[in-house]
Amino acid sequence: MNGTTGAGLLLAFATRTKIRRGPDGIFIAENYRFKKPPASCFTIGSVIITKRSAEWLLDPRREKLLRHECRHASQYAALGPFFWPAYWIACIWSIMLTRSFGVRNYFEKAAGLVDGNYPDFEPLRPWLQRLLRRQL
């Protein structure tokens, strides 16, 4: 309803990925062939776009990854197109604090860092550690 799933389907059509129905109203666009983003999966609206096959993503061994991506679909459902700027601000925040765009990113944490194959901890950047030590 908020247009983000349409954007995901448009990207899938434009990149000539095959679209399949997944669980709970999710679409899976398989065999995405571009290098960016580097992740094996990413979500736009209710469309999970993967560089692999739908069978790979639906395999029970990747249940946690699928759950992670479905949580992102729920975030899109709640925020609509506002998800994009909010997500990128959260990425910038995380990179400013650590060397990872996911570890301190609210949206990745809410989707489950470990489920999405992110590390669950990365130390703060040295400049920030020094600043915090001075404050104490």
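Summarised in this report is the structure supplied together with it. Just so it is clear, the model here is predicted, and its values are computed rather than measured.

### Section: the side chain of Thr17
Link 1 in the chain: Relative to the helices and strands, Thr17 is located in the loop between helix 1 (4–14) and strand 1 (18–21).
Link 2 in the chain: Residue class for Thr17 comes out buried when judged on its relative accessible area of 8%.
Link 3 in the chain: If sequence neighbours within four positions are ignored, Thr17 has contacts with Ala12, Ala29, Glu30, Asn31 and Tyr32.

### Digging into helix 1
Link 1 in the chain: Among the residues making up helix 1, those that are buried are Thr4, Gly8 and Ala12. Projected down its long axis, helix 1 carries its buried residues within an arc of 85°, all on one side. The exposed set on the far side of helix 1, more than 90 degrees from its buried face, consists of Leu10, Phe13 and Ala14.
Link 2 in the chain: In this structure, the buried residues of helix 1 make contact with strand 1, strand 2 (27–30), strand 3 (41–44), strand 4 (47–50), helix 3 (63–79) and helix 4 (83–97).
Link 3 in the chain: The positive-phi residue at the C-terminal boundary of helix 1 is Arg16, with phi of around 60°.

### As for a nonpolar patch on the surface
Link 1 in the chain: Nonpolar side chains collect at one region of the surface, where Ile92, Trp93 and Met96 lie side by side and expose about 330 Å² of accessible area between them.
Link 2 in the chain: In this structure, Ile92 sits in helix 4.

### Considering the packing of aromatic side chains
Link 1 in the chain: Inspection of the entire model under this criterion finds 10 aromatic pairs.
Link 2 in the chain: Plain terms: the ring middles of Tyr32 and Phe42 are 5.2 Å apart, the flat faces sit at 75° to each other, and that makes the pair edge-to-face. On the criterion of sequence distance, the pair formed by Tyr32 in the loop between strand 2 and strand 3 and Phe42 in strand 3 is long-range, its members being 10 residues apart.
Link 3 in the chain: For the pair Tyr76 and Trp84, a centre-to-centre distance of 5.9 Å together with 70° between the ring planes defines the contact as edge-to-face.

### Some details on the pairing of strand 4
Link 1 in the chain: Neither face of strand 4 is exposed, since Val47 and Ile49 on one face and Ile48 and Thr50 on the opposite face are all buried.
Link 2 in the chain: Here strand 3 runs beside strand 4; their pairing, made up of 4 bridges, is antiparallel. Within strand 4, the position partnered with Thr43 by the bridge is Ile48.
Link 3 in the chain: Taking the residues between adjacent antiparallel strands as the criterion, strand 3 and strand 4 are bridged by 2 residues, where Gly45 takes a positive phi near 65°.

### Re the layout of surface pockets
Link 1 in the chain: The space that makes up the largest pocket amounts to roughly 630 Å³.
Link 2 in the chain: Around the largest pocket, the lining comprises 25 residues; the ones closest to its centre are Ala39, Cys41, Phe42, Tyr87 and Tyr118.
Link 3 in the chain: Of all the secondary structure elements, the ones that give two or more residues to the lining of the largest pocket are strand 3, helix 3 and helix 4.
Link 4 in the chain: Residue composition of the lining of the largest pocket, by class: 16 nonpolar, 6 polar and 3 charged.

### Some points on the environment of Gln75
Link 1 in the chain: Structurally, Gln75 is set in helix 3.
Link 2 in the chain: Measuring from C-alpha to C-alpha, the distance between Gln75 and Leu10 comes to 19 Å, with 65 residues separating the pair along the chain.

### Thoughts on the pattern of salt bridges
Link 1 in the chain: Considering all chains together, one arrives at 5 salt bridges under this definition.
Link 2 in the chain: Residue Arg20 is joined to Glu30 by a salt bridge in which the shortest nitrogen-to-oxygen separation is 2.9 Å. Separated by 10 residues along the polypeptide, Arg20 in strand 1 and Glu30 in strand 2 bring together distant segments of the chain.
Link 3 in the chain: By relative accessible area, Arg20 is classed as partly exposed at 27%.
Link 4 in the chain: Here Glu55 makes a salt bridge to Arg20, at a shortest N to O gap of 2.3 Å.

Each value, and the rule that gives it
- Residues numbered from 1 in each chain as written.
- Predicted model: local features only at pLDDT ≥ 70, side-chain atom pairs only at ≥ 80, totals over all residues.
- Heavy atoms only, no water.
- Helix = DSSP H or I, 4+ residues; strand = E, 2+ residues; numbered from the N terminus.
- Buried < 20%, exposed > 50% of the residue type's maximum accessible area, 1.4 Å probe, protein only.
- Contact = heavy atoms within 4.5 Å.
- Arc of directions from axis to C-beta.
- Patch = residues over 30% accessible without salt bridge, like charges linked within 9 Å, V, L, I, M, F, W, Y side chains within 5 Å.
- Areas by Shrake-Rupley, 256 points an atom, 1.4 Å probe, with all protein chains shown as cover.
- Salt bridge = Lys/Arg side-chain N within 4 Å of Asp/Glu carboxyl O.
- Phe/Tyr/Trp six-rings, centres within 6.5 Å; stacked < 30°, edge-to-face > 60°.
- Pairing = 2+ DSSP bridges.
- 1 Å grid on protein atoms, 1.4 Å probe; cavity = no way out; pocket = protein on both sides within 12 Å on 5 of 7 lines; lining within 4 Å.
- Points joined across faces, edges and corners; volume = space filled by probe spheres on them.
- Nonpolar A, V, L, I, M, F, W, Y, C, P; charged D, E, K, R; others polar.

It is worth stressing that arrangement in space is one thing and function is another; only the former is reported here.
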